[in-house]
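Coordinate inspection notes
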Amino acid sequence: MSSPEEAAYRLLTEYTNGFMVSQVLFAACELGVFDLLSEAPEPLGSAAVAAHLGTCPRGTQLLLDTCVSLKLLQVQTRGGEAVYRNTELSSTYLVRASPKCQGNMVLYLARTTYLCWGHLAQAVRDGKNQYRKAFGVPSDDLFTAIYRSEGERVLFMRGLQDVWSVSGGPVLEAFDLSAFRLICDVGGGSGALAKQCAARYPRCRVTVFDTPDVVRTAKEHFPIPEEEERISFCEGDFFTDPLPEADLYILARVLHDWSDERCSHLLTRIQRACRPGGGVLVIESLLDADGRGPLTTQLYSLNMLVQTEGRERTPAQYAALLAPAGFRAVQCRATGGLYDAILARR
Ligand code: SAM
Ligand code: ASE
């Protein structure tokens, strides 16, 4: 039996070492460990992994053994040698070829988000995102900082779309959307959620509205199959330009980027574009009513502090933005997954 004091020390140590766990996962993804093991015809020893990846044998062995303790890899002994293969977790979520691969989000967290989090204390002091500190870029225009380069824009868009292969179904099926025939995904990025929407609701058409740079990058790097004539792109600034006509406006992970004032402005513009009886579907990770959890959403909210101008919100906070903008019948549905859905009517 351990004393409460020892248990507290163990918990403290787990927290202080948490960043090392993230880095093990980041490094294994960056190096291509999971792809290599999925393509190999049989489990590989650490020397073979090192040879294939061009990495040092000692570091490779330490990394692989730590991945085993984290349940990212499995080890067994064959002919006196330890050989490694993927677990169910890594084959499903970390191998590129898997339809549910989250590898681009892992890379984005490793290369961008992690560096902003290195300045969390500063963000709490000054209330600002940390692109200037982390990357030396000005951050007075949020998406100019987020899209610092073409490569960064592609990685952000790839990373963001990963989650919809897992959470797209739950958020789009939280409400029956079959009555909405013309849907506009406002700030829809690569079009990944629009594709899922078109697949689930065979009678709808979806317009993805985003900035000209994002629409160009989407067309170049995220092609939509030609037979999918029900999805189209429209470019503009959602704070100033006319919005496409639609029965349903989707706002997925858009409001969490912005202050209450910017959210109200955007929602009012959407309300004016929306026909009576139409609606808005907000897709976000919802905080509990008292804001005390879930921990993952609280961490995402801090992430919005270091990376954006926004925060995650409670259902009541979303309702308080939607009602003054002219939306009624606000309904919240928790999906049990990472992202939840709120439907409101014009
Ligand atoms: N909805 C997508 C998702 O959840 O995967 C992308 C969410 S991303 C966090 C925010 C999106 O809003 C980006 O695609 C960004 O380009 C777009 N965006 C930001 N400011 C915008 C503006 N002023 N006009 C149009 N789109 C904008
Ligand atoms: C944004 C979403 C994200 C802006 C920056 C972001 C995500 C990571 N960085 O709108 C995806 C959500 N994940 C987290 C950790 O918040």
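The structure contained in this document is the topic of the report that follows. On a predicted model such as this, the values are computed, not experimentally measured, just so you know. (Residues numbered from 1 in each chain as written. Chains lettered and ligands numbered in written order. Predicted model: local features only at pLDDT ≥ 70, side-chain atom pairs only at ≥ 80, totals over all residues. Heavy atoms only, no water.)

**A closer look at the overall build of the protein chain**
Filter applied, for reference: Numbering goes from the N terminus for both helices and strands, where a helix is a DSSP run of H or I of at least four residues and a strand is a run of E of at least two. Values of the radius of gyration come from C-alpha atoms, whereas the globule rule sets the reference at 2.2 Å times the count of residues to the power 0.38. Buried means the residue's accessible area, taken with a 1.4 Å probe over protein chains only, is under 20% of the maximum for its type, while exposed means over 50%, and partly exposed covers the values in between. Contacts are residue-level and defined by heavy atoms, with any inter-residue pair within 4.5 Å sufficient. In this description, accessible areas are obtained by the Shrake-Rupley approach with a 1.4 Å probe, and a residue is regarded as covered only by the protein chains that are shown. Charged residues are defined narrowly, with Lys and Arg counted positive, Asp and Glu counted negative, and His plus the chain ends left uncounted. Working definition for charges: the position is that of NZ of Lys, CZ of Arg, CG of Asp or CD of Glu.
Secondary structure assignment for the protein chain yields 17 helices and ten strands. Against the compact-globule benchmark of 20 Å for 346 residues, the protein chain has a radius of gyration of 22 Å, which places it among compact chains. Viewed in the frame of its principal axes, the protein chain has a C-alpha envelope of about 70 × 55 × 40 Å. Looking at the protein chain residue by residue over its 346 residues, the buried ones come to 46%. A separation of at least 24 residues holds for 66% of the contacts in the protein chain among residues at least 6 apart in sequence. Carbon and sulfur atoms make up 54% of the accessible area of the protein chain, which amounts to about 17200 Å² in all. Of note, the protein chain has its 35 positive side-chain charges centred 3 Å away from the centre of its 40 negative side-chain charges.

**Section: the nonpolar core**
Test applied: Among the buried residues, those of types Ala, Val, Leu, Ile, Met, Phe, Trp, Tyr and Cys that are joined through side-chain atoms within 4.5 Å form a nonpolar core.
Of all hydrophobic cores here, the largest spans 75 residues; its most connected members are Trp164, Phe238, Ile250, Leu251, Leu281 and Ile283. With near-sequence residues (within four places) excluded, tryptophan 164 lies in contact with Val171, Ala192, Leu193, Gln196, Ala252, Arg253, Ile283 and Tyr339. In terms of nonpolar packing, the next biggest core, distinct from the first, is built from 21 residues, Ala28, Leu37, Val49 and Cys67 among them.

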